[in-house]
Amino acid sequence: MDIKKDIEKYWDNFVDGYSQIQQNPLIFGMQLVNFMKLENSECILDAGCGPGMMIPNLIMRKSKHSKLITVDISEKILESARLTVQKYFNNMNLELNWNCQKEDVEQLSFQNESFDRYYCNQVIHLIPDPQQALREAYRVLKPQGILGFSVWGRKQNSDYFTVPSECLKQAGYQMPNNHDPFALGEDKQTLEQMLNQIGFRNQIIWYSTIAYDRLTVNDYLSYINPANLAIIDADPDKKQTFQNFYQQKIDEKVIKKEPFYHECLFVVCQK
């Protein structure tokens, strides 16, 4: 089995749904970029740019002379990112000094010490070997370069993602789960030790929580990856049971006048 090909296929299939829900992670991205002093950089890497919702902000925050390179493992995701930037800067006579290309963050093609900023929002917790991705970040950063990234935080503070999973399990589904996206952000101390071993210093590490929209059941089913939706659709009785459980959770939030929540762990550090 080629894990990287499977990952690429997953995101190729998920680009439309992910583009619709990526507005919420923008808040995390804005918080992260405020710590990174992009205006003082010469060359910036956006590792795992997704459909490009943050790229216009990165372009506007950097100096016009600094270069921004945005990368992702999925060519279809990159196509979406290019369209996002084109739409945002349409009819503006600006020199963006920006490039978009396909890369694997665990094995980047760039030479050592190529960048003075490495920005990565909501990505590293999703890849097979986060530690290898951080080693690559260290390798491509210049001395004194700044790494800034965010990952999912603690499960108990992220019901936006845990509630659907729990409802699927209650309905009797056994969904594919080879990777726990919460593992990296569950414990600040463990992540701090990993960064120390790689060589990063001057670390700032903090948790932050934002409110997410209360999705309807139909919204959730329209946003999830098609491969997972096929599993749900294969058993109409279980699907109806899942929908009932999920609607109960939504109703509880409505009674409490609360949104769903998602917590992330932020890291800014220096090579």
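Before any of the text, the structure's been laid out above.
Residues numbered from 1 in each chain as written. Predicted model: local features only at pLDDT ≥ 70, side-chain atom pairs only at ≥ 80, totals over all residues. Heavy atoms only, no water.

S.K.: How do you make sense of the layout of surface pockets when you look at a structure like this?
M.R.: Empty space among the atoms becomes visible once a probe the size of a water molecule is rolled across them. Here the second largest pocket is characterised by a volume of approximately 200 Å³. Surrounding the second largest pocket, I59, M60, K62, S63, K64, H65, L94, E95, L96 and N97 form its lining. Per-class residue counts for the lining of the second largest pocket are four nonpolar, three polar and three charged. (1 Å grid on protein atoms, 1.4 Å probe; cavity = no way out; pocket = protein on both sides within 12 Å on 5 of 7 lines; lining within 4 Å. Points joined across faces, edges and corners; volume = space filled by probe spheres on them. Nonpolar A, V, L, I, M, F, W, Y, C, P; charged D, E, K, R; others polar.)

S.K.: Mind showing me how you'd approach helix α5 (residues 130-140) here?
M.R.: Every buried residue belonging to α5 is among P130, A133, L134, E136, A137 and V140, and all of these are buried. End-on view of α5: buried residues confined to an arc of 155°, all on one side of the axis. Along its buried surface, α5 packs onto β4 (115-121), β5 (141-152) and α7 (188-198). (Buried < 20%, exposed > 50% of the residue type's maximum accessible area, 1.4 Å probe, protein only. Helix = DSSP H or I, 4+ residues; strand = E, 2+ residues; numbered from the N terminus. Arc of directions from axis to C-beta. Contact = heavy atoms within 4.5 Å.)

S.K.: Sorry if this is basic, but what is going on with a nonpolar patch on the surface here?
M.R.: On the surface, M60, Y88 and L94 cluster together into a nonpolar patch covering about 330 Å² of accessible area. With respect to the helices and strands, M60 occurs in helix α3 (residues 55-61). (Patch = residues over 30% accessible without salt bridge, like charges linked within 9 Å, V, L, I, M, F, W, Y side chains within 5 Å. Areas by Shrake-Rupley, 256 points an atom, 1.4 Å probe, with all protein chains shown as cover. Salt bridge = Lys/Arg side-chain N within 4 Å of Asp/Glu carboxyl O.)

S.K.: Explain the packing of α5 against α7 here, please?
M.R.: The relative placement of two packed helices comes down to the angle between their axes together with the axis-to-axis distance. For the pair α5 and α7, interaxial distance at closest approach is 10 Å and the crossing angle is 45°. With respect to α7, the element α5 is oriented oblique. The element α5 and its partner α7 pack so that their crossing is right-handed. Mapping the contact onto sequence places Q131, L134, R135 and Y138 in α5 and L191, M194, L195, Q197 and I198 in α7. (Axes fitted to C-alpha atoms, helices over the stretch in contact; angles between N-to-C directions. Parallel < 35°, antiparallel > 145°, perpendicular 65-115°, else oblique. Left-handed = near helix turned anticlockwise from the far one by under 90°.)

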